[in-house]
Amino acid sequence: RPGHLVARFGGDEFAILLEDTPLPTALLIVERILAVTAAPVALGSAEVVIHTSIGLAPSRGGHTTPDQLLAEADAAMYAAKARGSHCFNVFEPAMRVASENRSRVRSELEQALARGEFRVHYQPIVDVRSGAHLGVEALVRWAHPERGLLRPSAFIDHAEASGQITAIGGWVLDTACKATAELPPGSHISVNVSARQLQQPDLVEVVARALQASGLPAHRLVLEITETATVADIDGAITRLEELKSLGLQLALDDFGTGYSPLSYLRRFPVDYLKIDRSFVRGIARDEADRAIVRGVLDMAHALGLKAIAEGVEKVEQLEVLSQLGCDLGQGYLWMRPARLSALPGWRLPEPRQAPSQQGGVTDLGTWAT
Ligand code: C2E
Ligand code: MG
Ligand code: MG
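Residues numbered from 1 in each chain as written. Chains lettered and ligands numbered in written order. Predicted model: local features only at pLDDT ≥ 70, side-chain atom pairs only at ≥ 80, totals over all residues. Heavy atoms only, no water.

A short note on the overall build of the chain
So, step 1. The secondary structure content of the chain amounts to 13 helices and 16 strands.
So, step 2. Projected onto its principal axes, the C-alpha positions of the chain cover 80 × 45 × 40 Å.
So, step 3. Residues classed as buried in the chain amount to 44% of the 370 residues present.
So, step 4. Intrachain contacts of the chain at a sequence separation of at least 6 include 64% that bridge at least 24 residues.
So, step 5. Accessible surface computed for the chain: about 19000 Å², of which carbon and sulfur atoms make up 54%.
So, step 6. Between the mean site of the 36 positive side-chain charges and the mean site of the 44 negative ones, the chain shows a separation of 3 Å. (Helix = DSSP H or I, 4+ residues; strand = E, 2+ residues; numbered from the N terminus. Buried < 20%, exposed > 50% of the residue type's maximum accessible area, 1.4 Å probe, protein only. Contact = heavy atoms within 4.5 Å. Areas by Shrake-Rupley, 256 points an atom, 1.4 Å probe, with all protein chains shown as cover. Lys, Arg positive; Asp, Glu negative; His and termini not counted. Charge placed at Lys NZ, Arg CZ, Asp CG, Glu CD.)

Next up, the structure:
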């Protein structure tokens, strides 16, 4: 309407200023925007769904400055986003705390990048039957000056929301690719790629550059994409994965079973590995239902020509069941917690030990595959 102002605020954020509009009217407008943006958009042959989150901040007359109003709308928008897509929220003071926390973490992450406070830890991926190491997964850590070594759960969502994940992820990729010079020849390196990175327009070039700079042969690089990163736009994700595949690298679908993606799409995903989420592996030795799910996933993976990697293997009993069910690979504290490169077992052994006989299904727990 005349008098309403719409502006692109930056990235995928837009601001709408409704002057002299009572709250109930503003809410109607919000609902209309949500209804309009929820309709799929045809983009070439693909259908794209836009996920909209709206934060609404009423001004308190002359008591609110423009900056305050924007900050409050932003805080309300984040609260809406946390509830899922196509949601809106009206600002409440409690949201300010979360918003301040967010800005603090963002500026700390900025500093962390500048000061080189990120580290990469590595965790072996092991052949369930022979115990041979296929390779390692790179897992980012933040050596925080006050809070110590932080795991991704403390900061990765913030980095994802702010877009800083692009810089952090790029650094992890470079570091991990270079680290392979210290690993036995032929071993794989797995690197996690977030949803945001998957949408990054120059991702393929970034990966190609990392391979070139490190001299790592592409087939030794495995990019791990979480199932959830693909759900919002499956067709777009498949196209992007195919572009990545054309570099000659391998792909893994991470945390499989947690993303609710339609199974029919799995067939179209150009992936090489399926990582069975830890939540299914946990109860596998005592829970018939968990065992049935894992058996089903393994059947499906193998029928599609994929190798399965069980995540979070902590106990010998779990390993035994996985071995019986024919799971190919495993990863977990049973073998080793993620650690610095220099702490990897046998990483300097000139000759890998011979895998002992297959008795009992499970044998050696610490050699490198040749
Ligand atoms: P993920 O890719 O599924 O990685 C496996 C997680 O399970 C790691 O947690 C690992 O430490 C943990 N883990 C491994 N074995 C066991 C076990 O036996 N028991 C238990 N309870 N946990 C186990 P971490 O390092 O905290 O990483 C969490 C998630 O953060 C990762 O899940 C991955 O999604 C994400 N992440 C880590 N590094 C990066 C990165 O460089 N970039 C991006 N985008 N995401 C990353
Ligand atoms: Mg992973
Ligand atoms: Mg996982």
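Regarding the nonpolar core
So, step 1. Judged by nonpolar contacts, the single largest core of 74 residues is most densely connected at Tyr122, Leu221 and Leu223.
So, step 2. At seven residues, helix H5 (residues 165-179) tops the list of elements feeding residues into this core. (Core = buried A, V, L, I, M, F, W, Y, C linked by side-chain atoms within 4.5 Å.)

Observations regarding the site of ligand 1
So, step 1. In the region of ligand 1, 24 residues are neighbours, and Arg141, Arg151, Asp254, Glu314 and Tyr333 sit closest.
So, step 2. The contact in question runs from an oxygen atom of ligand 1 to an N or O atom on the side chain of Arg278, over 2.9 Å.
So, step 3. Taken by itself ligand 1 offers 800 Å² of open surface, and the protein chains cover 87% of this.
So, step 4. Counting residues per element, the ones that place at least two in the shell around ligand 1 are strand S8 (132-144), H5 and strand S12 (250-256).
So, step 5. For the shell around ligand 1, the element with the highest residue contribution is S8, accounting for four residues. (Near = heavy atom within 4 Å. Polar contact = N/O pair within 3.5 Å; in protein donor to acceptor, adjacent residues only side chain to side chain.)

A look at the coordination of the magnesium ion (ligand 3)
So, step 1. Protein coordination at the magnesium ion (ligand 3): the donors are Asp254 (OD), Asp255 (OD), Glu311 (OE) and Glu311 (OE), at 1.9 to 2.7 Å from the metal.
So, step 2. In the primary structure, the donors to the magnesium ion (ligand 3) are separated according to the pattern D-D-x55-E.
So, step 3. The magnesium ion (ligand 2) is placed at 4.2 Å from the magnesium ion (ligand 3), the two being bridged by Asp254. Of the two residues, Asp254 is situated in strand S12 and Glu311 in the loop between strand S14 (307-310) and helix H13 (316-325); the sequence distance between them amounts to 57 residues. The residues Asp254 and Glu311 share a single accessibility class, namely buried. (Donors = N, O, S within 2.8 Å, 3.2 Å for Na, K, Ca; no water.)

Quick notes on the layout of surface pockets
So, step 1. Quantified by volume, the second largest pocket comes out at close to 380 Å³.
So, step 2. Lining the second largest pocket are 21 residues, with Glu13, Asp74, Tyr78, Arg102 and Arg106 sitting closest to its centre.
So, step 3. Looking at the lining of the second largest pocket element by element, the count peaks at seven residues for helix H2 (residues 66-82).
So, step 4. Split by residue class, the lining of the second largest pocket holds five nonpolar, six polar and ten charged. (1 Å grid on protein atoms, 1.4 Å probe; cavity = no way out; pocket = protein on both sides within 12 Å on 5 of 7 lines; lining within 4 Å. Points joined across faces, edges and corners; volume = space filled by probe spheres on them. Nonpolar A, V, L, I, M, F, W, Y, C, P; charged D, E, K, R; others polar.)

Thoughts on the pattern of salt bridges
So, step 1. Going through the model one piece at a time under the given rule, you end up with ten salt bridges.
So, step 2. Through salt bridges with shared partners, a single network forms among Arg60, Glu72 and Arg96. (Salt bridge = Lys/Arg side-chain N within 4 Å of Asp/Glu carboxyl O.)

Thoughts on the pairing of strand S5 (residues 53-56)
So, step 1. Every second residue of S5 is oriented toward a common face, with Ser53 and Gly55 on one face and Ile54 and Leu56 on the other, all of them buried.
So, step 2. As defined by bridge partners, S5 adjoins strand S6 (residues 87-90) across four bridges and the pair is classed as parallel. Within S6, the residue paired with Ser53 across the bridge is Cys87.
So, step 3. Taken together, S5, H2 and S6 constitute a β-α-β crossover, and its handedness is left-handed. (Pairing = 2+ DSSP bridges. Right-handed = clockwise from strand over helix to strand, strands pointing away.)

Here we look at helix H1 (residues 23-38)
So, step 1. Taking 1.5 Å of rise per residue, the 16 residues of H1 would be expected to cover 22 Å, and the 22 Å separating its terminal C-alpha atoms lies within 8% of that figure.
So, step 2. Of the residues making up H1, those classed as buried are Ala26, Ile29, Val30 and Leu34. Considered in projection along H1, the buried side chains sweep an arc of 140° and stay on one side of the axis. Counted as exposed and oriented over 90 degrees from the buried face of H1: Pro24, Leu28, Arg32, Ala35 and Val36. (Expected span 1.5 Å × (residues − 1). Arc of directions from axis to C-beta.)

Section: helix H3 (residues 94-115)
So, step 1. Compared with an ideal rise of 1.5 Å per residue, which puts 22 residues at 32 Å, H3 spans 32 Å between its outermost C-alpha atoms and is within 8% of the ideal.
So, step 2. Buried within H3 we find Met95, Ser99, Arg102, Val105, Glu108, Leu109 and Ala112.
So, step 3. Downstream of H3 by a residue or two, Gly116 has a phi angle that is positive, lying close to 70°.

Quick notes on the coordination of the magnesium ion (ligand 2)
Reference values for coordination geometry: four tetrahedral donors around a metal ideally subtend 109.5 degrees, six octahedral donors ideally subtend 90 or 180 degrees.
So, step 1. Bound to the magnesium ion (ligand 2) on the protein side are Glu137 (OE), Asn192 (OD1), Glu224 (OE) and Asp254 (OD), at distances that span 2.0 to 2.2 Å.
So, step 2. Each donor residue of the magnesium ion (ligand 2) lies on the same chain, and together they follow the pattern E-x54-N-x31-E-x29-D.

Things to note about a positive patch on the surface
So, step 1. Together, Arg151, Arg278, Arg282, Arg286, Lys315 and Arg337 give the surface a local cluster of positive charge.
So, step 2. Looking at the secondary structure, you find Arg286 in the loop between helix H11 (278-281) and helix H12 (288-303). (Patch = residues over 30% accessible without salt bridge, like charges linked within 9 Å, V, L, I, M, F, W, Y side chains within 5 Å.)

Overview of empty space enclosed by the protein
So, step 1. As enumerated under the stated definition, the model contains one cavity of 30 Å³ or more in all.
So, step 2. Each pocket or cavity is described by its volume, and for the largest cavity that value is around 50 Å³.
So, step 3. Elements with a minimum of two residues in the lining of the largest cavity: H5, strand S10 (188-193) and helix H7 (203-214).

Re the packing of H7 against helix H9 (residues 234-245)
So, step 1. Packing of H7 against H9 leaves a shortest axis separation of 10 Å and a crossing angle of 25°. Relative to H9, H7 is oriented roughly parallel. H9 is crossed by H7, and the crossing has right-handed handedness. Here H7 contributes Leu203, Val204 and Val207 to the contact with H9, which in turn contributes Arg240, Glu243 and Leu244.
So, step 2. Partitioning the contact of H7 with H9 into residue classes produces four nonpolar, no polar and two charged. (Axes fitted to C-alpha atoms, helices over the stretch in contact; angles between N-to-C directions. Parallel < 35°, antiparallel > 145°, perpendicular 65-115°, else oblique. Left-handed = near helix turned anticlockwise from the far one by under 90°.)

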